[in-house]
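# Chain and residue survey
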2 protein chains.
Amino acid sequence: MQASSPRMQLGQLPTGLLDALASRSLPSRPIASRLSRGIPSQRRDITVNQLDTSSDQRERVVILGSGWAGYTVARQLNPKKYQAVVVSPRSYFAFTPLLASTSVGTLEFRTALEPVRSRRSNVNYFQGWADVVDFKNKKVTVEESADNSTQGFALSGSRAETQPEVRKAEQAKKGKTFDLAWDKLIITVGCYSQTFGTPGVKEHALFLKDVGDARKIRNRILLCFETAALSTTTDAMRKNLLNFAIVGGGPTGIEFSAELHDIIKEDLARIYPELMEFYKITVYDVAEKVLPMFDEDLGKYAMKVFAREGIAIKTSHHVESLRKGPPGDSNTAKDVQDEYPCWTLRVREEGDIGVGMVVWSTGLMINPFAKKALGKIPSIPESGVKYLTPGSELSRGSLQWAVSKEPKTGAVITDDRLRVLLGPDGDHESKQRAIMEDVFALGDCAKIENTTYPATAQVASQKAEWLAKRLNKGDFDKGGFTWKNMGVMAYIGNWNAIMQGGGGGSVSGRAAWVLWRGAYLTKSVSWRNKVLIPIYWFLNWAFGRDISRF
Amino acid sequence: MQASSPRMQLGQLPTGLLDALASRSLPSRPIASRLSRGIPSQRRDITVNQLDTSSDQRERVVILGSGWAGYTVARQLNPKKYQAVVVSPRSYFAFTPLLASTSVGTLEFRTALEPVRSRRSNVNYFQGWADVVDFKNKKVTVEESADNSTQGFALSGSRAETQPEVRKAEQAKKGKTFDLAWDKLIITVGCYSQTFGTPGVKEHALFLKDVGDARKIRNRILLCFETAALSTTTDAMRKNLLNFAIVGGGPTGIEFSAELHDIIKEDLARIYPELMEFYKITVYDVAEKVLPMFDEDLGKYAMKVFAREGIAIKTSHHVESLRKGPPGDSNTAKDVQDEYPCWTLRVREEGDIGVGMVVWSTGLMINPFAKKALGKIPSIPESGVKYLTPGSELSRGSLQWAVSKEPKTGAVITDDRLRVLLGPDGDHESKQRAIMEDVFALGDCAKIENTTYPATAQVASQKAEWLAKRLNKGDFDKGGFTWKNMGVMAYIGNWNAIMQGGGGGSVSGRAAWVLWRGAYLTKSVSWRNKVLIPIYWFLNWAFGRDISRF
């Protein structure tokens with residue numbers, strides 16, 4: 001949730017802006033003259049052959065993924081030294097800390113997005129899913145997916161079993177595949193949303209991991225109010241529709257409930273005054289407290305603010321299922337249930353509760369790609385592998401090697417240089433270990449051996465910056481990565497935030513809110529968004545959030 | 001396409017802005033204090049009973065539709081005199097002249113939208129489709145449709161036969177209905193897109209009538225380029241994918257092709273330089289010339305600009321069909337064709353052409369509601385009908401009356417006070433005529449008897465302003481509506497426009513472009529959009545249009 005700037009240094013800003021503006025030609029100058037500048041490093045390539053031709057002896061770095069880790073490392077690699085090629089099913093980077101704001105319209109969706117392809121970057125890009133990794137021949141098989149109906153949405157299982165509308169589209173097609181050779185491979189495939197197998201959650205809950213999720217949530221909130229405002233809707237159904245449940249009390253769930261509170265109190269209360277008696281916001285968590293990463297004082301402060309705002313926090317509560325239709329109707333035929341505009345959440349401690357929307361943010365599961373493609377190594381590469389244990393090299397051919405994983409989560413284990421570790425498959429008794437020197441893993445899908453760094457954007461982008469620097473300088477021998485804890489922040493509604501420094505200091509209330517906004521404004525990537533974000537903050541304060549649904 | 005301001009008078013602006021800002025409380029003041037101001041006219045109601053209670057002896061004006069005519073008249077009715085109730089399947093007003101700009105990202109989608117419900121309007125709203133009109137008892141039956149999957153999209157036939165994804169969703173549900181009584185009824189249901197029954201167009205073409213259409217187009221353009229940039233795509237398929245066909249050479253088709261040219265030349269050329277050899281833009285029209293509403297000189301100027309920009313204009317061309325899959329493949333099984341990312345357009349003069357996108361803007365057909373609900377009058381009302389022909393009153397009971405329609409188009413005929421005309425059903429020999437004094441029709445679905453005003457936003461909003469003024473003042477006897485031709489404008493790409501005044505004067509080129517932008521900025525409705533539109537114009541000039549797809 002919290003992350004340091006992926007690339008910005010303040011000293012560069014004015015120049016960057018001037019460059020950007022200077023790069024605009026006057027309209028009367030035809031595009032041809034701009035193109036004829038022909039800066040070769042800005043040339044991108046569309047076939048693997050063209051990539052090969054234009055590599056100019058540079059090493060090719062293939063980056064799987066376009067999240068905090070992948071996007072950051074791709075942009076920071078020195079294009080004179082490396083040919084960066086991103087492969088990702090998602091053609092943009094999502095600035096995740098702002099998604100909650102976009103999901104209620106405090107910010108417009110695009111302010112949280114940066115396309116991977118850009119006029120000012122040197123990154124090559126193929127839209128697709130990495131499929132098979134061949135470590136011996138150093139190539140990855142990519143399934144193209146430009147027309148990717150899962151783009152924009154959190155994934156909560158394999159692509160085939162994710163949300164219904166996606167599922168149907170995906171069954172219909174399987175993309176063509178092609179092979180892409182690498183000199184170095186950087187794995188940043190991230191995580192899916194964890195539903196713990198709770199029945200109905202994959203089908204009916206909304207997530208908040210990507211911009212399509214945010215868009216769905218924004219439309220759903222407004223739809224709930226519009227449906228409740230219909231003359232044909234009963235008061236009982238109004239109560240169901242305007243009962244909003246958030247499952248998971250981490251920063252995402254808490255910030256979303258705060259933003260939801262804000263749009264209702266600041267905007268919807270004026271537009272639907274007659275509906276205010278019906279609405280309710282509840283955060284459920286199985287744990288004993290929410291926001292566990294914050295100090296007790298900050299947590300208590302947050303609880304006080306939430307109580308004042310009327311947001312219910314229900315800890316030690318267990319969500320058991322989610323289904324279509326209102327409560328007390330479980331015997332009705334499924335197609336009749338489907339006609340109701342609400343859902344029923346079953347909570348062990350409370351029974352069946354009618355809800356208009358469930359936002360699910362309980363945690364992460366490792367991308368299934370790690371299990372599928374990063375398992376046994378059929379044939380160990382002849383070079384680029386460093387054996388760490390005596391005798392390993394001798395058993396090179398006879399031993400079945402596999403990518404080391406954290407047993408509980410399945411995260412890929414790396415050394416402190418972010419290089420992927422190998423060990424004997426299955427046989428955890430054997431102590432043989434090796435490192436793939438040209439294969440790196442970082443972001444939420446990876447873990448440095450013997451560390452407990454959290455799976456956050458902050459860790460991901462620090463690792464990415466560190467790795468890009470090492471690759472650019474070629475100084476891996478200088479030491480390993482260590483995380484610098486920059487602290488955590490959370491927006492808690494009504495212009496309040498809580499903030500805890502990496503050193504232990506803390507700020508809360510309005511001052512923390514100012515810091516919260518300042519931090520994300522500073523960290524946002526492009527000039528476009530640095531300009532747009534404060535404008536939207538101002539406009540939505542002055543005129544209210546836009547409530548058009550489309 | 002061209003329209004005068006629906007409400008703005010320059011003198012009011014600064015006050016309006018100050019009011020808007022002053023209405024923001026400081027964040028520390030809870031919403032309760034804002035609500036407690038309790039301006040009664042800002043109260044909106046959610047049930048018909050509540051509407052009845054709060055009407056305070058005011059006449060209820062029910063407005064069917066939220067387009068140029070309906071939105072304008074609803075906002076301009078005096079809330080002290082009338083209780084305005086809008087019924088529309090679309091919960092916002094779309095500022096149609098800016099849709100072409102939003103479809104390529106020159107502007108963000110929401111800059112072309114104004115929600116019907118607003119903190120500063122007194123308009124009541126129900127999201128639904130008007131279904132049956134009972135003129136005798138002065139009530140309309142409304143089918144609620146808050147969860148309306150057609151919202152945002154052009155309709156090209158009855159709801160059930162419109163675009164595939166919509167069709168499926170609609171089959172699944174039929175909304176509840178309720179009755180709404182009126183004192184005055186204003187019919188502004190507008191038009192659907194006309195496809196002339198051309199096979200495949202409803203299913204595969206894109207339209208440009210609403211913001212959902214614009215969003216689809218934006219995603220499709222970017223998808224075509226991204227797919228063409230895949231390593232697995234052949235050069236032949238690249239040519240298909242980047243062949244963009246626009247059918248219809250009216251202002252919408254022409255402005256869209258100009259905007260498409262701009263995004264390609266100004267942005268995509270830098271992001272996909274290697275694809276520039278493949279792209280092509282063609283405008284097809286059956287007529288002998290495009291932009292028929294402009295003088296010959298302006299038309300020639302536009303053709304010259306288009307030729308220079310490389311946009312092909314093919315007049316006297318007949319589009320015969322559109323199907324999935326590439327050309328020369330018509331015998332392939334349908335499901336195999338579906339796998340191809342392109343379509344085939346059949347043109348009588350050219351044969352089969354592979355295309356990546358077809359934007360269809362050939363014209364309008366009257367909303368089927370006019371045929372379904374505005375036909376025979378089962379029982380003529382006892383009051384509120386003025387008989388125009390001698391003897392009509394006598395045959396009141398015996399004659400089968402019907403709403404008068406233009407035989408060719410089916411448009412509702414009104415007198416010059418915009419009141420709906422009645423005549424004998426079917427029997428066009430009979431000269432009997434009557435007027436419903438409390439039922440008005442305007443916008444694209446209506447026509448004043450013996451006039452040839454075009455079906456444009458300009459005419460619709462002038463009629464709406466005129467009608468609101470008459471209703472507010474109660475001075476229908478002062479004279480009928482006459483259209484004041486304010487001229488026509490069209491953007492033709494590369495910072496050029498053409499503009500023809502109502503009096504006959506004309507401007508072209510850069511100066512017309514400045515006027516074009518100035519006019520639409522002035523005419524945009526809300527302060528939010530007046531601020532955002534120039535900001536997006538600047539940002540997209542400075543940093544390029546955003547190419548994120550979601």
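Residues numbered from 1 in each chain as written. Chains lettered and ligands numbered in written order. Predicted model: local features only at pLDDT ≥ 70, side-chain atom pairs only at ≥ 80, totals over all residues. Heavy atoms only, no water.

Per an unreviewed UniProt entry, the recorded name for chain A is FAD/NAD(P)-binding domain-containing protein, and the organism is Mytilinidion resinicola. As recorded by UniProt, the Sequence similarities (unreviewed entry) comment attached to chain A reads in full: "Belongs to the NADH dehydrogenase family." (UniProt positions renumbered as here; feature names shortened; annotations may be inferred.)

### Focus: the overall build of chain A
Helix and strand counts for chain A stand at 16 helices and 26 strands. Summed over all atoms, the accessible surface of chain A reaches about 21200 Å², with 53% contributed by carbon and sulfur. (Helix = DSSP H or I, 4+ residues; strand = E, 2+ residues; numbered from the N terminus. Areas by Shrake-Rupley, 256 points an atom, 1.4 Å probe, with all protein chains shown as cover.)

### Considerations on the relation of the copies chain A and chain B
Taken as rigid bodies, chain A and chain B are interconverted by a rotation of 180° and an axial shift of 0.0 Å, the fit giving an RMSD of 0.0 Å. Both chain copies can therefore be described as sitting about a two-fold axis. Both copies share a contact surface, since 99% of the interface residues of chain A are interface residues in chain B too. (Least-squares fit on C-alpha atoms with pLDDT ≥ 70 in both. Contact = heavy atoms within 4.5 Å.)

### Digging into the packing of aromatic side chains
Each aromatic ring pair is characterised by the separation of its centres together with the angle its planes make. Residues and elements named next belong to chain B. A complete count under the given rule lists 38 aromatic pairs over all chains for this structure. With centroids separated by 5.2 Å and ring planes inclined at 55°, the aromatic side chains of Trp68 and Phe95 adopt a geometry described as tilted. In this pair, Trp68 sits in helix H4 (residues 68–76) while Phe95 sits in the loop between strand E3 (92–94) and helix H5 (99–104), placing the two residues 27 residues apart along the sequence. For Trp68, a relative accessible area of 9% corresponds to the buried category. (Phe/Tyr/Trp six-rings, centres within 6.5 Å; stacked < 30°, edge-to-face > 60°. Buried < 20%, exposed > 50% of the residue type's maximum accessible area, 1.4 Å probe, protein only.)

### Description of the interface of chain A and chain B
Contact residues are listed per partner, giving 82 residues for chain A and 81 residues for chain B. Both sides together, the interface formed by chain A and chain B hides about 8200 Å², and carbon and sulfur atoms give 58% of it. At the junction of chain A with chain B, the criterion picks out eight salt bridges. With a shortest N-O distance of 3.1 Å, Arg119 of chain A and Asp267 of chain B are connected by a salt bridge. In this structure, the connection of chain A to chain B is made through 27 residue pairs in polar contact (both at pLDDT 80 or more). Mapped by element, the contributors of at least two residues to the side of chain A that touches chain B are helix H1 (13–22), helix H2 (31–35), strand E4 (113–115), strand E5 (124–134), strand E7 (177–181), helix H8 (211–228), helix H10 (251–271) and helix H16 (527–543) of chain A. Looking at which element gives the most residues to the side of chain A that touches chain B, the answer is H16 of chain A, with 12 residues. Partitioned by chemical class, the residues of the side of chain A that touches chain B number 39 nonpolar, 16 polar and 27 charged. (Buried area = accessible area lost by both parts, 1.4 Å probe. Salt bridge = Lys/Arg side-chain N within 4 Å of Asp/Glu carboxyl O. Polar contact = N/O pair within 3.5 Å; in protein donor to acceptor, adjacent residues only side chain to side chain. Nonpolar A, V, L, I, M, F, W, Y, C, P; charged D, E, K, R; others polar.)

### Re the sheet that holds strand E10 (residues 243–247) of chain A
Residue and element names in this part refer to chain A. The strand order across the open sheet built from four strands is E12-E11-E10-E16, with neighbouring strands paired in parallel fashion. Edge positions in the open sheet fall to strand E12 (311–314) and strand E16 (357–360), since each of these has one partner strand only. With direction set aside, neighbouring strand axes in the sheet form an average angle of 20°. Relative to E16, E10 runs parallel, the two being bridged by four bridges. Note on E16: the bridge partner recorded for Phe244 is Met357. (Pairing = 2+ DSSP bridges. Axes fitted to C-alpha atoms, helices over the stretch in contact; angles between N-to-C directions.)

### Brief notes about the environment of Tyr520 of chain B
All names here are of chain B. Mapping Tyr520 onto the fold places it in helix H15 (residues 510–523). Judged by its relative accessible area of 1%, Tyr520 is buried. Along the chain, Tyr520 and Asn243 lie 277 residues apart, while their C-alpha atoms are 30 Å from each other.

### Topic: H8 of chain A
For H8 of chain A, with 18 residues, the first-to-last C-alpha span of 26 Å sits near the 26 Å given by 1.5 Å per residue. Summarising burial for H8 of chain A: 17 of the 18 residues are buried, a large majority. (Expected span 1.5 Å × (residues − 1).)

### Considerations on the packing of H15 of chain B against helix H16 (residues 527–543) of chain B
Residue and element names in this part refer to chain B. It is the contact of H15 with H16, at a shortest axis distance of 8 Å, that shows an interaxial angle of 150°. Classed by the angle they form, the pair H15 and H16 counts as roughly antiparallel. For the crossing formed where H15 meets H16, the hand is right-handed. On H16, the residues that touch Arg517, Leu521, Thr522 and Lys523 of H15 are Lys530, Ile533, Pro534 and Trp537. (Parallel < 35°, antiparallel > 145°, perpendicular 65-115°, else oblique. Left-handed = near helix turned anticlockwise from the far one by under 90°.)

### Let's talk about the environment of Val48 of chain B
Checked against the element boundaries, Val48 of chain B lands in helix H3 (residues 48–54). Every residue in contact with Val48 of chain B, bar those within four places of it in the chain, is listed here: Ser231 of chain A together with Arg60, Phe178, Asp179 and Leu180 of chain B.

### A short note on the pairing of strand E25 (residues 496–500) of chain B
Residues and elements named next belong to chain B. Burial within E25 is extensive, with five of its five residues counted as buried. Taking every second residue as pointing to the same face, both faces of E25 are buried, with Asn496, Ile498 and Gln500 on one and Ala497 and Met499 on the other. Where strand E24 (residues 488–493) and E25 come together, five bridges link them in antiparallel fashion. Looking at E25, one finds that Tyr491 is bridged to Ala497. Adjacent in sequence and paired antiparallel, E24 and E25 are bridged by two residues, among which Asn494 carries a positive phi angle near 55°. Bridge count for E25 against strand E26 (residues 506–509) is four bridges, and the pairing is antiparallel. For Ile498, the partnering residue across the bridge sits in E26 and is Ser508. What sits between the antiparallel neighbours E25 and E26 is a turn of five residues, in which Gly504 has the positive phi angle 115°.

### Focus: the environment of Leu421 of chain B
For Leu421 of chain B, the location among the structural elements is in strand E21 (residues 419–424). Once residues lying within four places of it in the same chain are set aside, the contact partners of Leu421 of chain B are Leu388, Ala402, Val403, Ser404, Ile413, Thr414, Asp415, Arg433, Ala434, Ile435 and Glu449 of chain B.

### Focus on the domain arrangement of chain A
Residue and element names in this part refer to chain A. For chain A, the assigned domains read domain 1 (1–194 + 363–375 + 404–422 + 435–485) and domain 2 (201–361). In terms of surface lost to domain 2, no three residues of domain 1 exceed Ser103, Val104 and Phe109, which account for 23% of the buried area on that side. Our count for the domain 1 to domain 2 interface comes out at two salt bridges. For Asp210, the salt bridge goes to Arg90, with nearest N and O atoms at 3.2 Å. Counting every contact that joins domain 1 to domain 2 gives 11 residue pairs in polar contact (both at pLDDT 80 or more). (Domains from an automatic or database assignment.)

### Quick look at the pattern of salt bridges
Residues and elements named next belong to chain A. Scanning all chains against the criterion turns up 50 salt bridges over all chains. With a shortest N-O distance of 2.4 Å, Lys372 and Asp131 are connected by a salt bridge. Of this pair, Lys372 sits in helix H13 (residues 368–373) while Asp131 is found in strand E5, placing the two residues 241 residues apart along the sequence. Ionic pairing is found between Asp267 and Arg545, a salt bridge with its closest N-O pair at 2.6 Å.

### Re the side chain of Arg528 of chain B
With respect to the element layout, Arg528 of chain B can be found in helix H16. Look at Arg528 of chain B: it is buried, it has no salt bridge, and the nearest opposite charge is Asp546 of chain A at 4.7 Å. Arg528 of chain B has contacts with Leu539, Asn540, Phe543, Gly544, Arg545 and Asp546 of chain A, leaving out every residue within four places of it along the chain. (Lys, Arg positive; Asp, Glu negative; His and termini not counted.)

### Description of the sheet that holds strand E11 (residues 280–284) of chain B
All names here are of chain B. Read across the sheet, four strands follow the order E12-E11-E10-E16 without closing on themselves; strand pairing throughout is parallel. A strand with exactly one partner marks an edge of an open sheet, and here the two such strands are strand E12 (311–314) and strand E16 (357–360). Ignoring strand direction, the axes of neighbouring strands in this sheet form an average angle of 20°. Where strand E10 (residues 243–247) and E11 come together, five bridges link them in parallel fashion. Paired with Ile246 across the two strands is Val283, which belongs to E11. Sitting on the sheet, helix H8 (residues 211–228) touches E10 and E16, and the angle it makes with E16 is about 160°.

### As for unusual backbone geometry
Residues apart from glycine generally show negative phi values, whereas peptide bonds are mostly found in trans. Residue and element names in this part refer to chain A. A positive phi is found at Ser316, a non-glycine position, where the angle reads about 50°. Locating Ser316 in the fold gives a position in the loop between E12 and strand E13 (319–324). Residue classification places Ser316 among the partly exposed residues on the basis of a relative accessible area of 32%. Unusually for a residue other than glycine, Trp495 sits at a positive phi of about 65°.

### Examining the pairing of strand E15 (residues 351–355) of chain B
Alignment of strand E14 (residues 343–347) of chain B against E15 of chain B, held across five bridges, turns out to be antiparallel. Residue pairing across strands places Leu345 of chain B opposite Ile353 of chain B, the latter belonging to E15 of chain B.

### Brief notes about the confidence of the model for chain A
Residues and elements named next belong to chain A. Per-residue confidence for chain A gives a mean pLDDT of 87; residues scoring 70 or more make up 86%. The low-confidence segment residues 25–42, where pLDDT is below 50, has 24 contacts with residues more than four positions distant or belonging to other chains. Note that residues 162–167 has pLDDT below 50 and, in this model, 18 contacts with residues that lie over four places away or in other chains. Interface confidence in the predicted complex, given as ipTM, is 0.89; pTM for the same model is 0.90. (pLDDT = per-residue confidence, 0-100.)

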